[in-house]
Amino acid sequence: MTDQTIDTTTENDRPTWPALVKGFRCRCPKCGEGKILKGYLKVKDSCDTCGQELFHHRADDGPAYLTILLVGHLLAPALHVTYVEWRPEPLTMFLIFAIGCTALSLFLLPRLKGAVVAYQWARRMHGFEKAQ
Ligand SMILES: [Zn+2]
């Protein structure tokens, strides 16, 4: 029988869920204070508060994909239920869902970008592996 020991020295100093929540709030995944974005979608090179480098991120099309996934899965059933239950005028229904879809997409896109960058930071992906 071999002597198995558990290495307790390797502790995760970047827990994923707290980082995702901070990222979704468009805050730095490390400190949770500094803003992660400048403008609407541009990621800052580094955090203004703690100095964490953020330019390593490779969010690419991930936030847009997640936004489409979420908005589609939220509004498609709502579209079905609205049509079956209330049968509003076609123009009324189009206007409500067009505005709702656009507003929800614009709301979610920067938040999901922050969450994707925070996920990459928490998992030490793409140059985020260095401790700062
Ligand atoms: Zn920070």
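Residues numbered from 1 in each chain as written. Predicted model: local features only at pLDDT ≥ 70, side-chain atom pairs only at ≥ 80, totals over all residues.

Draft legend 1. Quick peek at the packing of helix H1 (residues 16-24) against helix H3 (residues 90-122). With their axes 7 Å apart at the nearest point, H1 and H3 run at an angle of 150° to one another. Here H3 runs roughly antiparallel to H1, going by the angle between their axes. Judged by the twist between their axes, the crossing of H1 over H3 is right-handed. Listed contacts from H3 to Thr16, Ala19, Leu20, Lys22, Gly23 and Phe24 of H1 are Arg111, Gly114, Ala115, Val117, Ala118, Tyr119, Trp121 and Ala122. For the contact of H1 with H3, the residue count by class is nine nonpolar, three polar and two charged. (Axes fitted to C-alpha atoms, helices over the stretch in contact; angles between N-to-C directions. Helix = DSSP H or I, 4+ residues; strand = E, 2+ residues; numbered from the N terminus. Parallel < 35°, antiparallel > 145°, perpendicular 65-115°, else oblique. Left-handed = near helix turned anticlockwise from the far one by under 90°. Contact = placed C-beta atoms within 7 Å. Nonpolar A, V, L, I, M, F, W, Y, C, P; charged D, E, K, R; others polar.)

Draft legend 2. Examining the UniProt feature "transmembrane region" (unreviewed entry) in the protein chain more closely. According to UniProt, the positions carrying the feature "transmembrane region" (unreviewed entry) are residues 64-84 and 90-109. Secondary structure across residues 64-84 comprises 100% helix and 0% strand; the distance between its end C-alpha atoms is 30 Å. Counted over residues 90-109, helix gives 100% and strand 0%. Its end C-alpha atoms are 28 Å apart. (UniProt positions renumbered as here; feature names shortened; annotations may be inferred.)

Draft legend 3. Main features of the environment of Gln52. Positionally, Gln52 belongs in the loop between strand E2 (42-43) and helix H2 (62-85). Each C-alpha atom of the pair Gln52 and Ala64 lies 24 Å from the other, and the pair is 12 residues apart in sequence.

Draft legend 4. Structural context of H3. Between its first and last C-alpha atoms H3 spans 46 Å; for 33 residues at 1.5 Å apiece the expected length is 48 Å, and the two agree. The axis of H3 is deflected most strongly, by about 25°, at Leu108, and proline Pro110 appears within four residues downstream. Residues of H3 that are buried: Pro110, Leu112, Lys113, Gly114, Ala115, Val116, Val117, Ala118, Gln120, Trp121 and Ala122. In this structure, the buried side of H3 is in contact with H1, strand E1 (37-38), E2 and H2. Once H3 ends, the next one or two residues include Arg124, with phi positive near 55°. (Expected span 1.5 Å × (residues − 1). Bend = angle between axes of the 7 residues up to and from the residue. Buried ≥ 20, exposed ≤ 12 C-beta atoms within 10 Å, placed from the backbone.)

Draft legend 5. Molecular detail of H1. When H1 is considered as a whole, its buried residues turn out to be Ala19, Lys22 and Gly23. Along the axis of H1, the buried positions cluster into a sector of 100°, meaning they face one direction only. Against the buried residues of H1 lie H3. Of the residues flanking the end of H1, it is Cys26, one or two places downstream, whose phi is positive at about 60°. (Arc of directions from axis to C-beta.)

Draft legend 6. Molecular detail of the environment of Lys38. Along the chain, Lys38 turns up in strand E1. The exposure class of Lys38 is exposed, given the 11 C-beta atoms found within 10 Å. Here the alpha-carbon distance between Lys38 and Cys26, two residues 12 residues apart in the chain, equals 9.9 Å.

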